[in-house]
Amino acid sequence: MNAWRRLLTSRVTGVPNPFVATRQSTTPTCLTQTSSFSSQATQAPTAVSPEDRPFVHHGDRPRYKNYKKFKSPRKRASKLFDELNKEACEKAKADTPHIWQQDIRVGDSIELKMVSQGGLKPSDKQEVEKIRGVVLGMVKRGLGSSLILRDVVYGLPIERRIPLYSPMIQEATILERNFIFKGRKKVKRAKLYYFRDRNPLLTKVSKY
């Protein structure tokens with residue numbers, strides 16, 4: 001209570017209270033030093049050449065200079081092989097346009113006429129075989145592209161993988177579009193491998 005009385009009397013009489021610390025306005029010394037730096041900040045910076053700079057700039061990197069880029073022999077060989085593969089595929093398509101005109105899709109039933117025995121020349125003796133099946137999938141790997149056909153013959157499911165660019169293929173015929181679902185719905189998968197576990201009659205194309 002005595003402290004509160006002293007505080008009230010000091011406010012009324014104007015006598016400073018010894019218990020209340022007085023504030024003194026002092027200017028910090030750091031503000032006096034800013035006047036010397038302000039004159040230097042107004043000056044324009046001097047231009048420094050890239051050679052004199054202690055760090056590397058984006059425009060002066062070695063990879064931006066006009067010099068011949070090193071090509072790895074391994075990468076060059078793989079690129080060359082890819083070009084040869086594409087040229088061979090185009091040549092095979094040009095030699096057999098009647099096969100590639102057919103737009104074969106996954107889920108279609110097709111019939112392939114292939115040479116089972118004999119030579120490829122017309123003068124050679126040939127034994128031609130007809131293969132039927134449902135396209136369960138297509139593997140696209142350049143000359144290694146192939147079709148996966150599945151059929152049921154005499155109650156036994158048979159699955160074949162036939163290369164698309166094989167010279168043994170003479171003809172390709174599409175028997176029925178969307179054979180796997182009978183046109184009830186669209187084929188929305190690239191591979192229909194799950195039909196291996198379904199009823200074999202769903203992939204039966206041959207009549208025997």
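Criteria and cut-off values
Residues numbered from 1 in each chain as written. Predicted model: local features only at pLDDT ≥ 70, side-chain atom pairs only at ≥ 80, totals over all residues. Heavy atoms only, no water. Pairing = 2+ DSSP bridges. Helix = DSSP H or I, 4+ residues; strand = E, 2+ residues; numbered from the N terminus. 1 Å grid on protein atoms, 1.4 Å probe; cavity = no way out; pocket = protein on both sides within 12 Å on 5 of 7 lines; lining within 4 Å. Points joined across faces, edges and corners; volume = space filled by probe spheres on them. Nonpolar A, V, L, I, M, F, W, Y, C, P; charged D, E, K, R; others polar. Buried < 20%, exposed > 50% of the residue type's maximum accessible area, 1.4 Å probe, protein only. Contact = heavy atoms within 4.5 Å.

- As recorded by an unreviewed UniProt entry, the chain carries the name 50S ribosomal protein L19 and is attributed to Nitzschia inconspicua.

## Quick look at the pairing of strand E1 (residues 109–118)
- Sheet topology places E1 next to strand E2 (residues 126–139); 9 bridges connect them, and they run antiparallel. Residue pairing for E2: Gly118 is matched across the bridge by Gln126.
- Across 6 bridges, E1 lies against strand E5 (residues 169–176) in antiparallel orientation. For Lys113, the partnering residue across the bridge sits in E5 and is Glu171.

## Here's the deal with the layout of surface pockets
- By volume, the largest pocket amounts to about 310 Å³.
- Forming the walls of the largest pocket are 17 residues, and the residues nearest its centre are Trp100, Ile104, Met138, Lys140 and Leu164.
- Looking at the lining of the largest pocket, the elements with two or more residues in it are helix H3 (73–95), helix H4 (97–100) and E5.
- Its residues placed into classes, the lining of the largest pocket shows 11 nonpolar, 3 polar and 3 charged.

## Comments concerning the side chain of Ser109
- Its place among the elements puts Ser109 in strand E1.
- With relative accessibility at 1%, the residue Ser109 sits in the buried group.
- Other than its neighbours up to four places away in sequence, Ser109 contacts Gly133, Val134, Thr173, Ile174, Leu175, Glu176, Phe179 and Val205.

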